[in-house]
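Reading the structure
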Amino acid sequence: MSTHPDIGAGRIPAEAIEAGFGDLHPALDRNEARVASERCLFCYDAPCIQACPTGIDIPLFIRQIMTENPQGAAKTILDANIFGGMCARVCPTETLCEEACVRMAEGKPVEIGRLQRYATDALFSAGRQLYRQGAATGARVAVVGAGPAGLSCAHKLATLGHAVDVFEAREKGGGLNEHGIAAYKTTGGFAQKEVAYILEVGGITVHHGKRLGRDITLASLAAEYDAVFLGLGLQAVNALGVDEGGLANIEDAVAFIERLRQTDDLSTLPIGRKVVVVGGGMTAIDAAVQAKKLGAEEVTLVYRRGADAMPASRYEQEVALTNGVVIRHFARPYAVQGEGGALASVLFMRTALEGGKLVDTGETFALPADQLFKAIGQLFLPTDVADESAVLEMDGVKIKVDVECRTSLPKVWAGGDCTRGRDLTVVAVEDGKQAALSIDRALAARLAVAAE
Amino acid sequence: MADLSVDFVGIKAPNPFWLASAPPTDKAYNVERAFRAGWGGVVWKTLGEDPPIVNVSGPRYGAIHGPDRRVIGFNNIELITDRPLEVNLREIKEVKRRWPDRAMVVSLMVPCTEESWKAILARVEETEADGVELNFGCPHGMSERGMGSAVGQVPEYVEMVARWCKQHTRMPVIVKLTPNVGDIRKPAEAAKRGGADAVSLINTVNSIMHVDLDAMSPWPHTDGKGTHGGMCGPAVKPMALNMTAEIARSEATRGMPISGIGGIETWKDAAEFMALGASTVQVCTAAMVYGFKIVEEMKSGLSDWMDQKGYSRVSDFVGRAVPNVTDWQYLNLDYAVKAQIDQDACIECGRCHIACEDTSHQAITNMVDGVRKFEVIEEECVGCNLCAVVCPVENCITMVPLENEVDKRTGRMVDGSYRNWTQHPNNPMAKQPVAYDTDAALEPAE
């Protein structure tokens, strides 16, 4: 009879854990990259470029790989997307560039994501810095949040000659790249290497442990700096909607992933024998797969709708299935049961689509669980900018911005997950870049007026 | 089942697929393997006078690769056989004895003196080989010593040596031509004047395959220095086809038997040479890249195609395309085609558009009603075929002839009339300008 709750570290040999957390997509070697690059047709006005939120000139960088100039390819990529290395690892290419590839007509697109990684890896392993700080303009910009949106904005501003102070609540930069993405997607400490590369440009000072609303306020930043960019991300997780009864071992999936990402020796990280994950997005998949790789015997991912409605891509779903995660569709949790103050099982109600509406069928089932990870979407918490909320307009639950990422406040821009968008790294990077260009234009206009 | 057997200037072979004089035919071991694999004949690698030549011990071959590292161009700086003459002659005799039904032609290259040729011809006759091929083609190494292409580039030498050979042997004499000349018809005519029974072409093309940009030397190189080699392989096929056709249709050489060489990899390549007048073909690069087994595809492919077309023997179609090779001035300037894009097959890569837009006639859209779409603008299309050439989907773009309709670009009715440049009003030299007279073709009668 097993003890309850059955949560422990080192369920499988450390070597097995290490192997499991190896690279999801092994890097292409030179010959593979050549073969893959030769498939690109060098389309006119290529659909893949249109499909890339950062507009990377994909046919050009692939041609540069084909002609044995991978570092030139990396420059093409990073000029459009300074997080091109991470995006090569985490972008859902199957719903972006690769879906648009004209070779999908044969059912097999050019492997754009893996080629992008080949090029960026070549640059990073050569240790070559492509960018440098622009000639000083004298302007100072505050960036809140050192995630993809914030650092993309900071980097572009620095190259344009503006001095940037970045305020980050956590001790490490990178945002979700560092804390919220499955470890096997970004091995070898890549997230931190990429952050270091971005900061190496100069002119960017990162202040860690500074949280908006606690250590700094938007009002003070707006007063002190020429412009402010908010790349706050999402701070909270949607509630499950059931009475958790104060039971132990019910946790947000993002917290579990963050803990995992910050653990040096994964064989010391405890995991339940039976794990239930609720949700259908990337975070749910990342939590479920990593639980399995840590040695959980049974991992069940439960999603209230069908496979087609899952926010996680087909590819991500396949990754879960091939790693032994059981995916159950059309069920929602309605209660949890405990034993000695700890979670023992999760009770589910079956659901169905009736006339396009999701309804309960009345049928129920229980899943025994040592651990429950909640991954039903993250929330922006407007309390951090509460002191300005009267003037910082919201668009529903997120900060309202225009096409240039301008908020309702004249000196404040915002981008990434705290604004509209698709909650993708690549979209956040583009927001940061566009905001920086917009800030630069605004500052130039202001300097021109001042000079008159 | 079509009959693939051939009789080439009296040399009989079960099929027209012969291995060219080259490394694959340098010794009995390889030739035995080739015959077991089904090749119809070989031209034994070129014999010379003793002492044997010396090859470099550095790389002898270079290549240009296409996608998937397919060898599309191949070159070499290997010389003629580096084995003693006696050894080669003995092996030739043995192999011919064991394979009496296969063509055994011996390639020769000796200094330009009658005595040298007379002496070696006598030795070759003793082997009971079927014929000799005079190597007037090799462009590297031997040419610096006054042999190979150094002979082939001078029609008078070609004629002289061919005549010596015909005088001193009963064997059929084939002259192998170098493409490194301005007009291939001149050495072919010289060979004919000298009494040669046939020509074979092309030998390899002078070439430097690559430059090593680190070492700043040709690639491949021998201890840091490189020299031009001879190129062959699929990339030279178009040049070889043209030269074959020129000889086949030239008044002076018409009817002279031709053995076609140059980039032949498949039955189709072979059939193309044969349609232009070659009655046998010789292969080297494809065998060196894929091995001897390729002959199986060649034999079955040619045989199946001949069955489909109703050709019972090879001679039924040899030269059939020659009458349709003409001079530019006799092309019908009244004929007109327009590109047509199969929208169902189109994958929307846009290459047709950008090729036409940037470099040609602005005759293909990239957007129709705000949607990415590639359509031919007939008012601009000159029918040049560029779009069809650059399209990655075969047969997605086709060139459709206009028939009894107005060409929207020129406003001219295309009604099947014939008018070539010699008849065109824009030609100041036109003897008798005609407007629309289909029967007034001034092409010389065959």
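Rules behind the numbers
- Residues numbered from 1 in each chain as written.
- Chains lettered and ligands numbered in written order.
- Predicted model: local features only at pLDDT ≥ 70, side-chain atom pairs only at ≥ 80, totals over all residues.
- Heavy atoms only, no water.
- Helix = DSSP H or I, 4+ residues; strand = E, 2+ residues; numbered from the N terminus.
- Contact = heavy atoms within 4.5 Å.
- Buried area = accessible area lost by both parts, 1.4 Å probe.
- Salt bridge = Lys/Arg side-chain N within 4 Å of Asp/Glu carboxyl O.
- Polar contact = N/O pair within 3.5 Å; in protein donor to acceptor, adjacent residues only side chain to side chain.
- Nonpolar A, V, L, I, M, F, W, Y, C, P; charged D, E, K, R; others polar.
- Pairing = 2+ DSSP bridges.
- Axes fitted to C-alpha atoms, helices over the stretch in contact; angles between N-to-C directions.
- Domains from an automatic or database assignment.

**With respect to unusual backbone geometry**
Residue and element names in this part refer to chain B. With an omega of -5 degrees, the peptide bond running from D50 to P51 counts as cis. As for its position among the elements, P51 is in the loop between β4 (41-47) and β5 (61-65). Unlike most non-glycine residues, V9 shows phi in positive territory, near 45 degrees. Structurally, the position occupied by V9 is in the loop between β1 (6-8) and β2 (11-13). In this structure, Q362 is a non-glycine residue whose phi angle is positive, near 55 degrees. In this fold, Q362 is placed in the loop between α11 (351-359) and β18 (367-368).

**Brief notes about the interface of chain A and chain B**
Taken together, the contact between chain A and chain B spans 11 residues of the former and 14 residues of the latter. Counting each side, the surface lost to burial between chain A and chain B is near 990 Å², with a carbon and sulfur contribution of 59%. On the surface where chain A and chain B come into contact, there are one salt bridge. The shortest N-O distance in the salt bridge between D45 of chain A and R372 of chain B comes to 3.9 Å. The tally of links between chain A and chain B comes to five residue pairs in polar contact (both at pLDDT 80 or more). Counting residues per element, the side of chain A that touches chain B draws most heavily on helix α2 (residues 30-38) of chain A, which supplies three residues. Among the residues making up the side of chain A that touches chain B, the classes are represented as eight nonpolar, no polar and three charged.

**A few points about the sheet that holds strand β16 (residues 278-283) of chain B**
Residue and element names in this part refer to chain B. Taking strand neighbours around the barrel as the criterion, the eight strands line up as β3-β4-β7-β8-β9-β10-β15-β16 in a closed arrangement whose pairing is parallel. Ignoring strand direction, the axes of neighbouring strands in this sheet form an average angle of 25 degrees. In this sheet, β16 lies alongside strand β15 (residues 258-261) in parallel orientation, the contact comprising four bridges. Along β16, the bridge assignment pairs I261 with Q282. Where helix α1 (residues 28-37) meets the sheet, it contacts β3 (17-19), β4 and β7 (103-108), and its direction lies at approximately 165 degrees from that of β4. Taken strand by strand, helix α8 (residues 267-275) contacts β3, β15 and β16, and its axis lies near 145 degrees from that of β16.

**Considerations on the domain arrangement of chain A**
By a frequent convention, interface size equals the accessible area lost on bringing the separate parts together. All names here are of chain A. Splitting chain A by domain gives domain 1 (30-126), domain 2 (140-235 + 386-451) and domain 3 (238-376). Averaged C-alpha coordinates put domain 1 and domain 2 at centres separated by 26 Å. Tallying the contact residues gives 19 residues for domain 1 and 23 residues for domain 2. Summed over both partners, the interface of domain 1 with domain 2 buries about 1800 Å², with 75% contributed by carbon and sulfur atoms. At the surface where domain 1 touches domain 2, the tally comes to zero salt bridges. Summed over the shared surface of domain 1 and domain 2, the result is four residue pairs in polar contact (both at pLDDT 80 or more). Among the elements that make up the side of domain 1 that touches domain 2, the one with the highest residue count is helix α6 (residues 84-90) (six residues).

**Here we look at the sheet that holds β5 of chain B**
Residue and element names in this part refer to chain B. One open sheet holds the four strands; their spatial order is β5-β6-β14-β11, and the pairing between them is antiparallel. What marks the edges here is a single partner per strand, and that holds for β5 and β11 (205-207). Averaged over all adjacent pairs, the angle separating strand axes in this sheet is 35 degrees, with direction ignored. For β11 and strand β14 (residues 229-232), the ladder comprises three bridges, and the chain directions are antiparallel. Bridging from a neighbouring strand, N206 pairs with G230 of β14.

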